[in-house]
Amino acid sequence: MVYRVCFTILLLGYVQSGMATWSIIVADARTKRIGIAGASCTANVYGIGLIMPGKGAVVVQAMSNGMAKLKGFEMIRAGYATADILKTLREPQFNPEQQQYAILTLDEIEKPLTYTGTNTFDSKGSLTGNGISVQGNTLAGQEVLQAVFDAASKAMKDSLPLQEILILAMEAGAKAGGDKRCGERKASSAFLAVCKPEDVDKHWLNLIVYGTDDRTHAVDELRRKYDQWKINNKSGN
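Thresholds applied
- Numbering of residues starts from 1 in every chain and runs along the sequence as written.
- In keeping with the predicted nature of the model, local features appear solely for residues at pLDDT of at least 70, side-chain atom pairs appear and are counted solely at 80 or more, and the whole-chain, interface and lining totals rest on all residues.
- Just so you know, side-chain values use all the structure's heavy atoms and leave hydrogens and water out.
- Only when DSSP finds a minimum of two bridges between them are two strands counted as paired.
- Under the scheme used here, helices are H or I runs from DSSP no shorter than 4 residues and strands are E runs no shorter than 2 residues, and both carry numbers assigned from the N terminus.
- Each axis is a line fitted through C-alpha atoms, taken for helices only over the stretch in contact, and angles between the N-to-C directions span 0 to 180 degrees.
- Should any heavy atoms of two residues lie within 4.5 Å, those residues are considered in contact.
- Here the term buried applies to any residue with accessible area under 20% of the maximum for its type, exposed to any over 50%, and partly exposed to those in between, with areas from a 1.4 Å probe on protein chains only.
- Pairs of cysteine sulfur atoms within 2.5 Å are what we label disulfides.
- For this analysis, a nonpolar core means a set of buried residues of the types Ala, Val, Leu, Ile, Met, Phe, Trp, Tyr and Cys, connected via side-chain atoms within 4.5 Å.

1. What to know about the sheet that holds strand β1 (residues 22–27)
Right, so step 1: As summarised here, the arrangement of the six strands in space is β7-β8-β1-β2-β9-β10, forming an open sheet in which the pairing is antiparallel. Edge positions in the sheet fall to β7 (125–129) and β10 (205–209), since each of these pairs with one other strand and no more. Going from strand to strand, the sheet's axes swing by 5° on average, the running direction of each strand aside.
Right, so step 2: Along the sheet face, helix α6 (residues 218–232) touches β1, β2 (34–40), β9 (189–195) and β10 and points at about 145° away from the line of β10.

2. Examining the pairing of strand β4 (residues 56–62)
Right, so step 1: Counting buried positions along β4 yields seven of seven residues, so the element is predominantly enclosed.
Right, so step 2: Of the two faces of β4, the one carrying G56, V58, V60 and A62 and the one carrying A57, V59 and Q61 are both buried.
Right, so step 3: Hairpin connection between strand β3 (residues 49–52) and β4: a loop of three residues separates the two successive antiparallel strands, and G54 in this loop has a positive phi of roughly 75°.
Right, so step 4: As paired strands, β4 and strand β5 (residues 99–105) are joined by seven bridges and run antiparallel to one another. Bridge pairing in β5 links G56 to T105.

3. Examining the state of the cysteines
Right, so step 1: Applying the stated criterion to the full structure yields one disulfide.
Right, so step 2: Here C41 engages in a disulfide with C182; their sulfurs sit 2.1 Å apart. Classification of the bridge connecting C41 and C182 rests on its S-S torsion, roughly 85°, and on that basis the disulfide is right-handed. Taken together, the positions of C41 in the loop between β2 and β3 and C182 in the loop between α5 (162–175) and β9 put the pair 141 residues apart, joining distant regions of the chain.

4. Some words on the nonpolar core
Burial of nonpolar side chains together is a common tendency in soluble globular proteins.
Right, so step 1: W22, I24, L166, M170, L192, L205 and L222 are the most contacted members of the largest nonpolar core, which totals 34 residues.
Right, so step 2: Those elements giving two or more residues to this core turn out to be β1, β2, β8 (132–136), α4 (142–157), α5, β9, β10 and α6.
Right, so step 3: Those residues in contact with L222, other than ones at most four positions away along the chain, are I167, M170, A190, F191, L192, L207 and V209.
Right, so step 4: If you look at the next biggest cluster of nonpolar residues, it comprises 19 residues, including A20, I25, Y46 and V59.

Treat this as a map of the structure, not an account of what it does.
Take a look at the structure:
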């Protein structure tokens, strides 16, 4: 049953390809919740990441190779070491120099791994820490990565819920400049997803902002959706 359900989640993410500018994976060793959030100056950034509930998550952004994402997900589900997953995703068939990878598993939560291909666009890079992986390309500057990482680290230190860590990190990235293509909007699409370890047929929290016009500030809209979700879910826990 778990395999069948996880494969369904996989297909939902696999068929929705996406490019990204900045994204973050966060995992909580105590609750075993895992979340991903991302934003970009594209119509749809949602397809960049996959979460295997109770196990880990993978992000494949920049050119967002769907086969690389599929392989990373399968290897997380099978329990491979993070280093082995990254080594596989850097094989030539996945076009790694046009990709940006992030892998975080609960088994190795203290050491997420990333890779930024040489043909991805500046400003680019990644920052990682215990339970946090931040990565980005086509950024307004390196300060975007640092702002996202610092906001997530502080929120984690303050013992905030994982979903709160994600939204604060996304807002920090937008405030620091976000996607250099989007001007004052910072991003035109964004998403935030969280899975509990027991999730079987859908994400516990799944918020998406599509780039359907040239006016919406995607991270601001993501915050609005998040605040409404908290009202609807009362405690938000």
